[in-house]
Amino acid sequence: MIRLLIIVVCFVCAIGVPLKAEVVHVETQNTSLIFQIGKNKKVYQFHYGSHIGNLTGIDKMNSIFNEVYPSFGNGESNEVALMVTHADGTMATDLYYNSHSQEVAEGIQSTVIRLKDDKLDLFVNLHFKAYMREDVIEQWVVVENNERNTIALQQVASSALGFKAESYYLTHFNGSHSHEMRLTEERLVNGVKSIETKRGVRTTEYDNPSFMLSLKEKAAEDNGEVIAGALAWSGNYKLAFEVDDQERCQMITGINPFASTYHLEKGEMFKTPRMITSYSANGKNQASVNLHRWARKYNLRDGDKIRPIVLNSWEGAYFSFDAKRLKEMMDGAAEMGVEIFVLDDGWFGNKYPRNNARAGLGDWQVNKKKLPKGIDDLIDYAESKGMQFGIWVEPEMVNPKSELAEKHPEWIVQRMNDRKKLLERNQLLLDLSNPKVQDFVFGVVDDILTNHPRVSYIKWDANRHLENFGSTYLSNERQSHLWIDYAKGLESVFARLKEKYPEVIMQACASGGGRVEYDALQYTHEFWASDNTDPYERLLIQWGTNHFYPAIATAAHVTKSPNHQTGRQTSLKFRFDVAMAGRLGMELRPDDLEKEQVKFAKAAIEKYKEIRPIIQFGDLYRLLSPYDADGYAAINYVSADKSDVILMVYSHKHHRRVERNVVRLQGLDRDANYLIEEINNDGRSHISVNKQLVSGGLLMDRGLKVNLRKPLQSAVFQLKKVN
Ligand code: GLA
């Protein structure tokens, strides 16, 4: 139902005429972001926090603290959102209110505040999209150059928000390959704290462009004031938090300005990436729930569609396979109930066969030796087993040992002047700022999908950063556009593929979790959270990832034990219990499983099919953190109507008898009774109330005693509301 609730018209400000609107109120159900237009016609942020319905007296309160979009040259000396070299060569910019508009439709309030430099024809439009039910606000900025000539954008942030509190605690997520999204929480002290990357591609491998900022004190999961934020951008980003001696925190987030001067010709516009925030007065978990609900509905591709169960060939076969081996894997996968078989790296290249990571990347023709009957033969086989078929690509990259590198050396990102090309995983990056390269990269997937229309899943990988900065396509004056134009080029390829192949599932992988952000997630259905598939390590990674990105998008695979990355041995049950917390898949050679294990896997997959709507569409509550010293981890999922609950509990240490093992559930209907049943095990139970009725109130307040004592043990429970 399309319902236009309010339309607030533009108020054009003319010198000397009193403003009709002094307040711009961006609002959701529970939050308010309020701006005031001062008598000096500057726009200030007044409040971002709980919803304030009645604004009587706001004009006399005198508690504004920061300009809505601070610019270099505005008279302040803190971090800025905007820095421009104008057409006349000058660098000061001072922005004033010009007009604003606001409308609400279908639960979304859209606001634009238009600012203008007081001397030059530079316009800055601040966009706010408030998702009212989800309590999420999206912000971006459009700069319009109406000056006499080209201007140079030195910095243009997506958002500038200010806070005032006694103290600030910043939770952020960092790591490295196979070690992504490790949670860190620190107190911010005076000065600038910056979370950023200068790697250009695979940008979320070391730090993620997301954070939770707690105000006043460290927020708990269920208590305290928190702003959660995530930038939707696959290129370089910078999230800066500047705390001053007046206890103010100015948060400037967006594209990293590092070596990124961007020229804007007369009449051109520049649109920044989206910054997504959610304020919660009730702790961190609520902010995550808000983001997950928003993502499933408005950002993620097909966020309302159940995700199929995948068996990916990588850890089961690596580069060594032929059709026979793959078909054997398909036999085992189908027997266990897998729904899509995905053929990973190693299937292409003839002059330079892709038999290892040193050759063939770029030559996307089926390797005739390994697969003489081609891809369709594999698809036929998968389909005969009742499965769909997917395939791995890494189209942004090239091995120097490839026909592509021989044919198009000018397509490669390079430092110019014949400097040495720095290799990473033996490969180089193609220059996506070049439209011809964009067409090639699009064509790699387009060819696969037109020649093999039954391919229903693409795993899109990217295994290096940008480093060899330089482009043969961009002019000398525009070299600094490379960071931004690369990210925009990639986005346009993704958009074309989404448009042409709306039914094909896309996974964003970049050596594991190198592309976990909400821009890629507009075009992809899921991400590969990490190459590290050790279930204990995954507890830490998934815990971090799921602060911002929902379980439905978190690909999690059961692999072989001992684990290939860490050597740790775990039971198949533990591996399943961890992988079932996301989009369940497998990544092993089914023949390596014993008969009993196949039986277990089959039953677990069948169960997952039954409960996956709760995991993939439900609200996720973090109950016990794997980062705490206790040695437990626990989460529960609750369906929208609170009827169905899945509880997952893990132990990763040895526990003495006396140690705490009580899990308090969250999000249940307090007055309802729930029938609890332990699932995914052999009939034995780790609780005293198995198959009993217990009230939601008791489960949330008194908690459930789960008897897990040994390291790497787990228990999963299904709870059903009984009327
Ligand atoms: C990357 C991915 C893996 C796998 C390999 C193949 O490391 O993260 O999942 O696809 O590449 O080379």
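In this numbering scheme, every chain counts its residues from 1 along its sequence in written order. Since the coordinates come from a predicted model, pLDDT governs what is reported: local features require at least 70, and pairs of side-chain atoms require 80 or more to be given and counted, while whole-chain, interface and lining totals use all residues. In computing side-chain values, all of the structure's heavy atoms are included and hydrogens and water are not.

Enquirer: Could you give an account of helix H7 (residues 482-500), naming the residues involved and the relevant values?
Expert: Only runs of H or I of at least four residues qualify as helices and only runs of E of at least two qualify as strands under DSSP, and these elements are numbered from the N terminus. Expected span of a helix: the number of residues minus one, times 1.5 Å. The end-to-end C-alpha separation of H7 is 27 Å, in line with the 27 Å expected for 19 residues at 1.5 Å each. Within H7 the residues assigned to the buried category are Leu482, Trp483, Ile484, Asp485, Tyr486, Ala487, Gly489, Leu490, Val493, Phe494 and Leu497. Under the scheme applied here, a residue whose accessible area is under 20% of the maximum for its type counts as buried, over 50% as exposed, and between as partly exposed, the area being computed with a 1.4 Å probe on protein chains only.

Enquirer: I'd love a proper account of the site of the ligand, names of residues and values included.
Expert: With respect to spatial proximity, 13 residues lie near the ligand, and among them Asp344, Asp345, Lys459, Asp461 and Asp531 are the closest. Whenever two N or O atoms come within 3.5 Å, that pair is a polar contact, provided that in protein one can donate a hydrogen and the other can accept it, and provided that, for residues adjacent in sequence, both atoms are side-chain atoms. Between the ligand and the protein, one listed contact pairs an oxygen atom with a side-chain N or O atom of Asp344 at 2.7 Å. A distance of 2.9 Å separates an oxygen atom of the ligand from a polar atom in the side chain of Asp461. Per-residue accessibility takes into account occlusion by the displayed protein chains alone, with areas from the Shrake-Rupley method and a 1.4 Å probe. Relative to its unbound accessible area of 310 Å², the ligand is 97% covered by the protein chains. Here the nonpolar group is Ala, Val, Leu, Ile, Met, Phe, Trp, Tyr, Cys and Pro; Asp, Glu, Lys and Arg are the charged ones; every other residue, Gly included, is treated as polar. Broken down by class, the residue content of the shell around the ligand amounts to four nonpolar, three polar and six charged. Proximity is defined per residue: any heavy atom of the residue falling within 4 Å of a molecule or strand makes that residue near it.

Enquirer: An account of the packing of helix H10 (residues 572-579) against helix H11 (residues 595-617) is needed here, citing residue identities and associated values.
Expert: Note on definitions: angles span 0 to 180 degrees between N-to-C directions of axes, and those axes are lines fitted to C-alpha atoms, for helices only across the stretch in contact. At a minimum axis separation of 10 Å, H10 and H11 run at an interaxial angle of 20°. In terms of orientation, H10 lies roughly parallel with respect to H11. Between H10 and H11 the crossing geometry is right-handed. Along its contact with H10, which presents Leu572, Lys573, Arg575 and Phe576, the element H11 presents Gln597, Phe600, Ala601, Ala604 and Ile605. Considered class by class, the residues forming the contact of H10 with H11 number six nonpolar, one polar and two charged. Angle categories: roughly parallel below 35 degrees, roughly antiparallel above 145, roughly perpendicular from 65 to 115, and oblique for all the rest. We call a crossing left-handed when the near helix sits turned anticlockwise from the far one by less than a right angle, and right-handed when that turn is clockwise. The contact criterion used throughout is that any non-hydrogen atoms of two residues lie within 4.5 Å.

Enquirer: Kindly report on the sheet that holds strand E34 (residues 644-651), identifying the contributing residues and their values.
Expert: We call two strands paired when DSSP finds no fewer than two bridges between them. Strands sit in the order E32-E33-E34-E39-E36-E37 across an open sheet of six strands; the sheet is antiparallel. For this open sheet the edge positions go to strand E32 (619-624) and strand E37 (693-695), each flanked by a neighbour on one side alone. Strand-to-strand twist across the sheet, computed as the mean angle between neighbouring axes with direction ignored, equals 25°. In the sheet, E32 pairs with strand E33 (residues 632-638) via five bridges, with the strands oriented antiparallel. Bridged to Leu620 within E33 is Tyr637.

Enquirer: If you had to explain the pairing of strand E27 (residues 455-460) to someone new, which residues and values would you point to?
Expert: Regular strands place side chains that alternate from one sheet face to the opposite one. A large share of E27 lies buried, amounting to six of its six residues. Sheet topology note: the strand E24 (residues 388-393)/E27 ladder contains five bridges and is parallel. Looking at E27, one finds that Gly390 is bridged to Tyr457. This β-α-β element, E27 to H7 to strand E28 (residues 505-508), shows right-handed connectivity. Handedness is read with the strands pointing away from the viewer; a crossover is right-handed when the path from the first strand over the helix to the second is clockwise.

Enquirer: I'd like a description of the sheet that holds strand E5 (residues 66-67), backed by residues and values.
Expert: Strand order in the open sheet formed by four strands is E2-E3-E4-E5, with antiparallel pairing between adjacent strands. With one partner strand each, in any of the chains shown, strand E2 (23-27) and E5 form the two edges of the open sheet. When E2 meets strand E3 (residues 31-37), the two strands line up antiparallel, connected through five bridges. For Glu27, the partnering residue across the bridge sits in E3 and is Ser32.

Enquirer: Give a description of the domain arrangement of the protein chain that names residues and reports values.
Expert: Domain boundaries assigned for the protein chain yield domain 1 (79-287), domain 2 (310-617) and domain 3 (621-722). Boundaries of every domain are those given by an automatic assignment or by a domain database. Here the C-alpha centroids of domain 1 and domain 2 sit 31 Å apart. Taken residue by residue, the interface counts 45 residues in domain 1 and 46 residues in domain 2. Summed over both partners, the accessible area lost on bringing two parts together, with a 1.4 Å probe, is the buried area. For the pair domain 1 and domain 2, the summed buried surface comes to about 3,500 Å²; carbon and sulfur atoms form 56% of the total. When residues of domain 1 are sorted by the area they lose upon contact with domain 2, Val201, Arg202 and Trp233 head the list and together hold 20% of the total. We define a salt bridge as a side-chain nitrogen of Lys or Arg found within 4 Å of a carboxyl oxygen belonging to Asp or Glu. Put simply, domain 1 and domain 2 have three salt bridges between them. The closest approach of N and O atoms between Glu537 and Arg182, which form a salt bridge, is 2.9 Å.

Enquirer: Let's hear about the environment of Met330: which residues, and what values?
Expert: Within the element layout of this structure, Met330 appears in helix H3 (residues 323-336). Residue Met330 is classed as buried on the basis of its relative accessible area, which comes to 0%. When the C-alpha positions of Met330 and Lys407 are compared, they lie 36 Å apart, and in sequence the two are 77 residues distant. With residues up to four places along the chain from it excluded, the contact list for Met330 reads Phe341, Leu378, Tyr381, Ala382, Met387 and Phe389.

Enquirer: Can you explain the pattern of salt bridges? Please cite residues and give values.
Expert: A complete count under the given rule lists 43 salt bridges for this structure. Taking the shortest distance from any N to any O, the salt bridge between Asp244 and Arg248 comes out at 2.8 Å. On the accessibility criterion, Arg248 (22% relative accessible area) is partly exposed. The shortest N-O distance in the salt bridge between Asp619 and Arg296 comes to 3.8 Å. With Asp619 in strand E32 and Arg296 in helix H1 (residues 284-299), the pair connects residues that are 323 residues apart, well separated along the chain. Grouping residues by exposure puts Asp619 and Arg296 together as buried. Linked by salt bridges that have partners in common, Arg202, Glu205, Glu424, Arg464 and Glu467 make up one network.

Enquirer: Explain unusual backbone geometry to me, using residue names and the numbers behind them.
Expert: Look at the link from Ser561 to Pro562: it is a cis peptide, with omega at -5°. Turning to its location among the elements, Pro562 is positioned in the loop between strand E30 (554-558) and H10. With a phi close to 60°, Glu247 is a non-glycine residue in the positive phi region. Mapped onto the secondary structure, Glu247 falls in the loop between strand E17 (237-243) and strand E18 (248-255). The phi torsion at Asn417 lies on the positive side, around 50°, for a residue other than glycine.

Enquirer: Go over a nonpolar patch on the surface, please, and point to the residues and values.
Expert: The patches described consist of residues with a relative accessible area above 30% and no salt bridge, like charges being joined within 9 Å and nonpolar side chains (Val, Leu, Ile, Met, Phe, Trp, Tyr) within 5 Å. Together, Leu675, Leu693 and Val722 give the surface a local cluster of nonpolar side chains, amounting to about 230 Å² of exposed area. Relative to the assigned elements, Leu675 resides in strand E36 (residues 673-679).

Enquirer: Tell me what's going on with the packing of aromatic side chains, and back it up with residues and numbers.
Expert: Working definition: rings of Phe, Tyr and Trp (its six-membered ring) pair if their centres are within 6.5 Å, and the pair is stacked with planes under 30 degrees apart, edge-to-face with planes over 60 apart, and tilted otherwise. Evaluated as defined, the whole model comprises 27 aromatic pairs. Considering the side-chain rings of Trp314 and Tyr318, the 4.9 Å spacing of their centres and the 80° angle between planes classify their relative orientation as edge-to-face. On the basis of relative accessible area, Trp314 is assigned to the buried category, the value being 18%. A residue is classified by how much of its surface remains accessible, and Tyr318, at 30% relative accessible area, is partly exposed. Feature note: the residues Tyr131, Phe173, Trp294, Tyr298, Tyr518, Phe527, Phe548 and Tyr549 constitute an aromatic cluster, connected by ring pairs. Here, a charge over a ring is recorded when the distance from Lys NZ or Arg CZ to the ring centre is within 6 Å and its angle to the ring normal is within 35 degrees. Over the aromatic face of Tyr206 sits the side chain of Arg199, whose NZ or CZ is 3.6 Å from the ring centroid. In this structure, Arg538 is placed above the aromatic ring of Trp528, and the distance from its NZ or CZ to the ring centre is 4.6 Å.

Enquirer: Help me get a handle on the nonpolar core, residues and values and all.
Expert: Judged by nonpolar contacts, the single largest core of 100 residues is most densely connected at Trp347, Phe389 and Met586. Element by element, the count of residues in this core is highest for H11, at eight residues. Formed jointly, this core draws a minimum of three residues from each of two domains, domain 2 (310-617) and domain 3 (621-722). Ranked by size, the runner-up nonpolar core spans 57 residues in total, among them Leu33, Phe128, Phe163 and Met275. Within this scheme, the nonpolar core is defined by two criteria: the residues are buried Ala, Val, Leu, Ile, Met, Phe, Trp, Tyr or Cys, and they are joined through side-chain atoms within 4.5 Å.

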